[in-house]
Amino acid sequence: MIAPALFHLLYSLIRYQLINHSTNQSTSVFFKSAKPFVIAGPCSAETREQVIETAGQLSAMDVQLFRAGVWKPRTRPGSFEGNGIEALQWMQEVKKQYGMPVTVEVAEPAHIEHALKHDIDVLWIGARTSVNPFQVQHLADALQGVDIKVMVKNPVNADIDLWQGAIERFEQAGAKEVAAIHRGFSGYSAAAGYRNQPNWPIPIELKRRRPELAIICDPSHITGNRDRIGEVAQKAMDMHFDGLMIETHPRPDEAWSDAAQQITPAKLKEILANLVIREEFTQDMGGLMQLEYLRQLMDSLDAEIIDLLAKRMELSEQMGEVKKLCNMTAFQPARWREIVETRSERAQSHLLTKEFIVELYEKIHHESIRKQLEILENADKKIIK
């Protein structure tokens, strides 16, 4: 049981947290106007008929922003690369006919110029563009002083600073509302059935650094598989993402680009209807008190873990001294294999996955080796002298 004095103290702290949260809303008003904020439309604007048909079906649904690729950055020449300015006219028709805000991807200052002339509401920066700070800066310069909303997809490589830097370039150019889109990261293979690895810790860290920033998940590009879009969309909601960007086509199998990852408007409606939307905070004081108690226990355990890690690193340094005296290498593959095997077995007996424990021990082992290498390098310098 929690003592009454502690209960009232915790109650006051939690109440303050709730009030403070409610009175400091994010400046991303547009991107947080719905939960989830839904962006939908075809991968590519193929024909006027296809664009208008798709928008017509989506206009009857809870979709806040209509998307379509007008300029398509393709891996190899010869693929369909978009209809350009002509497709912008179709996007204007969507706005006029259905009253839906529209968004297109831009990769060149000239794209921005044409998009603005055609009253595009939101611009998005693709993953192949956000990876290049020079190009991002060119685009930000082209938007200097322009009041338009911008969405920045994560760069193709898993670099949170590069992603955050791209966002900041548009903010510094004067963009009043900027959102981040998590579309996954490129890898050498489609591991775990993803087209682009989600690497969830990166958007989570971005949210920690920029809690006011709207973060939208793109399950289409993460999965590359229409059958898994609902699964990833739900995971994004469970992780407190603000919205979803889902590629939608009236006849996905006939799509001119990325057919496998597009879904029909009817399927999108089904996915959205089945989403479970959870809240970050609750007014249930009993639940809040239980959660705060568990967090205190977790904080205590975390302190113990850090203390134990510090002791483990002290042992690593002592081992480094022994290896220096015995002229041994810092890294010993047989020992590392033993660590992986024994720790994995123990972890699995406690219902922890082998993947988690191996990834954890890789970081611990790397730090241990780093400390031992410092000791060996200092010994080498003394010998050279």
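Everything that follows concerns the structure shown earlier in this document.
Heads up: these notes are all about the structure in this document. (Residues numbered from 1 in each chain as written. Predicted model: local features only at pLDDT ≥ 70, side-chain atom pairs only at ≥ 80, totals over all residues. Heavy atoms only, no water.)

## Some points on the nonpolar core
Here is the rule: Only buried residues count toward a nonpolar core. Its members are Ala, Val, Leu, Ile, Met, Phe, Trp, Tyr and Cys residues joined through side-chain atoms within 4.5 Å. Only protein chains enter the calculation, and the probe is 1.4 Å; a residue is then buried if its accessible area is under 20% of its type maximum, exposed if over 50%, and partly exposed in between. Here, two residues are considered to be in contact whenever any of their heavy atoms come within 4.5 Å of each other.
Within the largest apolar cluster, 65 residues are counted, with the highest numbers of intra-cluster contacts made by Phe 66, Val 104, Leu 123, Val 152, Phe 170, Leu 244 and Leu 268. Apart from residues no more than four positions distant in its own chain, Val 152 is found in contact with Ile 125, Ser 130, Trp 163, Ala 166, Ile 167, Phe 170, Val 178, Ala 179, Ala 180 and Ile 181. By size, the runner-up hydrophobic cluster in this structure holds 13 residues, among which are Phe 37, Met 151, Ile 181 and Ala 214.

## Section: the pairing of strand β6 (residues 178-182)
Condition: Segments assigned H or I by DSSP are reported as helices when at least four residues long, segments assigned E as strands when at least two residues long, and all are numbered from the N terminus. A pair of strands counts as paired when DSSP detects no fewer than two bridges linking them. A crossover gets the label right-handed when its path from the first strand over the helix to the second runs clockwise, viewed with the strands pointing away from the viewer.
Among the five residues of β6, five are classified as buried, and the element is accordingly described as predominantly covered. Alternating positions in β6 separate into two faces, Val 178, Ala 180 and His 182 on one and Ala 179 and Ile 181 on the other, with burial throughout. Pairing analysis gives four bridges linking strand β5 (residues 149-153) to β6, with the strands arranged parallel. Residue pairing in the sheet places Val 152 in a bridge with Ala 180 of β6. For the segment spanning β5, helix α7 (residues 160-172) and β6, crossover handedness is right-handed.

## What about the environment of Pro 36?
Structurally, the position occupied by Pro 36 is in the loop between α1 (4-22) and β1 (37-41). Overall, the relative accessible area of 9% leaves Pro 36 in the buried class. Here the alpha-carbon distance between Pro 36 and Phe 241, two residues 205 residues apart in the chain, equals 8.0 Å. Discounting residues that sit within four places of it in the chain, Pro 36 has contacts with Gln 64, Met 237, Asp 242, Gly 243, Leu 244, Leu 275 and Ile 277.

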